[in-house]
Amino acid sequence: MSSRFAPLKNDTFLRALMRQSTEYTPLWLMRQAGRYLPEYRATRSKAGSFMGLATSPDYATEVTLQPLDRYALDAAILFSDILTVPDAMGLGLSFAEGEGPRFARPLRDEQAVRDLRSPDLASLQYVFDAVTQIRTELAGRVPLIGFSGSPWTLACYMVEGGGSDDFRTVKSMLYDRPDLMHHILSINAAAVAAYLNAQIEAGAQAVMIFDTWGGALADGIYQTFSLNYMNEVIRGIKREYDGERIPCIVFTKGGGLWLEEIADSGADAVGLDWTVHLGKARALVGNKVALQGNLDPNVLFAKPEQIRTEVERALKAFGKPGPGSGHVFNLGHGISQFTPPESVTAMVSAVHEISRQMRA
């Protein structure tokens, strides 16, 4: 381990990703630092805006650590946003209250696409400073995950100019001018690999690629315009740093149809949404990659006893991990801002307790 940082006290998450034996099933949550926590809302209020929060290493560190102070989670994830990379490309990112992200200069014509350049990583130094600060303040409690959006998911926002219900603009470009789409994706893939490598050098101990909108693509189109470029990113990122293995997780929401192809990407672990059966996924690819997931986030609106039942169902669907298999418990997508914090307490304790019993 790098002499810059304290030795790791809990490596259960990393061991599961590398399909090594663990005493229990580790867990963390997508969006575990977020609006469902009152302490997060208080910090965001101090920061004045979402971007004020995300661009301040001090605030980013504070909110990253908040869920770890409240719950016995097995990993921390950098508090940031997937759109930091296109923002650094000069597209003019802003967040309007209640409206989500918006780009002032979306890629709507050939000239805009041809003018696109990979970002100067120096403009993202606030992210790397946050990674180092978080890793330092964790003091070895649990590993730190760095992340990025996938090339395709970033392209969706860059072309649409924000979120979308039907991806009409970006899909029109994909079908009408595939050359322009490939140009954007190629630049994005190089930028994402460089961005993740800089996070690794700053202290990230695992990295995750979020392909939030890959499932919006048709079969065949997904492989060409999303998976191929994620594979390019995976080939470009450091898999070892300071003598330590750096596991990589990929997650395509709605990607269950392509599970075997995703498992061949070279990633160490594949995240699953709640539409996939963990046991069937393990039978298909559990000898190649670890699996991460996949409780429906809406289970957390149920009573504690029902949460425990659903946790047990998921753990038993995967089964007792054996040699060469690994499971990291997570939700099938990000935690809802309306989730009662005590529901997470019930889930975390159920995962640790039941998974220990299954290994006894």
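> Please clarify how the nonpolar core should be interpreted in this entry.
Proteins that are soluble and globular tend to have nonpolar side chains buried together. Counting residues in each nonpolar core, the largest one holds 130 residues, and the members touching the most others are Phe-13, Trp-28, Met-181, Val-311 and Met-347. Looking at which element gives the most residues to this core, the answer is helix H10 (residues 178-202), with 14 residues. For Trp-28, the residues in contact, after removing those within four places along its chain, are Phe-13, Leu-73, Ala-75, Ile-77, Ile-145, Met-208, Phe-210, Gln-292, Val-328, Phe-329 and Asn-330.

> Would you mind showing me how to read helix H11 (residues 221-236) here?
Residues spaced three or four apart along an α-helix face the same direction, because each turn holds 3.6 residues. With 16 residues, H11 should cover 22 Å at 1.5 Å per step; its first-to-last C-alpha distance of 22 Å lies within 8% of that length. Its axis deflected by about 35° at Leu-227, H11 carries its strongest bend there. Regarding H11, the residues found buried are Ile-221, Tyr-222, Gln-223, Phe-225, Ser-226, Leu-227, Tyr-229, Met-230, Asn-231, Val-233 and Ile-234. Lining the buried residues of H11 we find helix H8 (151-160), helix H9 (168-176), H10, strand S5 (206-211), strand S8 (248-252) and helix H12 (259-263).

> I would appreciate a short explanation of the side chain of Asp-268 in the present structure.
Locating Asp-268 in the fold gives a position in the loop between H12 and strand S9 (269-271). Take Asp-268: its relative accessible area is 11%, and that puts it in the buried class. Within polar-contact distance, the side chain of Asp-268 engages the side chain of Arg-245 at 2.7 Å. Setting aside residues no more than four positions away along its own chain, Asp-268 makes contact with Leu-17, Arg-239, Arg-245, Ile-246, Pro-247, Cys-248, Val-289 and Ala-290.

> Before we go on, may I ask you to explain the packing of aromatic side chains in this structure?
Aromatic rings in a pair are described by how distant their centres are and how their planes are angled relative to each other. Counted according to the given criterion, the structure contains seven aromatic pairs. Their ring planes at 10° and their centres at 4.0 Å tell us that Tyr-222 and Trp-258 sit as a pair that is stacked. Pair noted here: Tyr-222 is in helix H11 and Trp-258 is in the loop between S8 and H12, with a separation of 36 residues, a long-range link. Here Tyr-222 falls in the buried class, since its relative accessible area comes to 0%. For Trp-258, a relative accessible area of 3% corresponds to the buried category.

> Before we go on, may I ask you to explain helix H15 (residues 341-359) in this structure?
Over its 19 residues, H15 extends 28 Å from the first C-alpha to the last, a length consistent with the 27 Å expected when each residue adds 1.5 Å. Within H15, the full set of buried residues consists of Pro-341, Ser-343, Val-344, Ala-346, Met-347, Val-348, Ala-350, Val-351, His-352, Ile-354, Ser-355 and Arg-359. The inward-facing, buried residues of H15 abut helix H2 (38-47), helix H4 (57-70) and helix H14 (304-318).

> How should unusual backbone geometry be read in this particular structure?
Glycine aside, residues mostly have negative phi, and peptide bonds are mostly found in the trans state. Following Gly-293, the chain continues to Asn-294 via a peptide bond in cis, the omega torsion being 0°. Mapped onto the fold, Asn-294 is located in the loop between strand S10 (290-292) and H14. In this structure, Phe-167 takes a positive phi of about 55° despite not being glycine. Structurally, Phe-167 is set in the loop between H8 and H9.

> Sorry, what's going on with the side chain of Thr-339 here?
Topologically, Thr-339 is positioned in the loop between strand S11 (327-328) and H15. Classification of Thr-339 by relative accessible area gives buried; the value is 2%. Within the local environment of Thr-339, its side chain forms a polar contact with the backbone oxygen of Ser-336, the two atoms lying 2.9 Å apart. Here Thr-339 is in contact with Tyr-36, Leu-300, Phe-301 and Val-344, once residues within four sequence places are set aside.

Basis of the calculations
Residues numbered from 1 in each chain as written. Predicted model: local features only at pLDDT ≥ 70, side-chain atom pairs only at ≥ 80, totals over all residues. Heavy atoms only, no water. Core = buried A, V, L, I, M, F, W, Y, C linked by side-chain atoms within 4.5 Å. Buried < 20%, exposed > 50% of the residue type's maximum accessible area, 1.4 Å probe, protein only. Helix = DSSP H or I, 4+ residues; strand = E, 2+ residues; numbered from the N terminus. Contact = heavy atoms within 4.5 Å. Expected span 1.5 Å × (residues − 1). Bend = angle between axes of the 7 residues up to and from the residue. Polar contact = N/O pair within 3.5 Å; in protein donor to acceptor, adjacent residues only side chain to side chain. Phe/Tyr/Trp six-rings, centres within 6.5 Å; stacked < 30°, edge-to-face > 60°.

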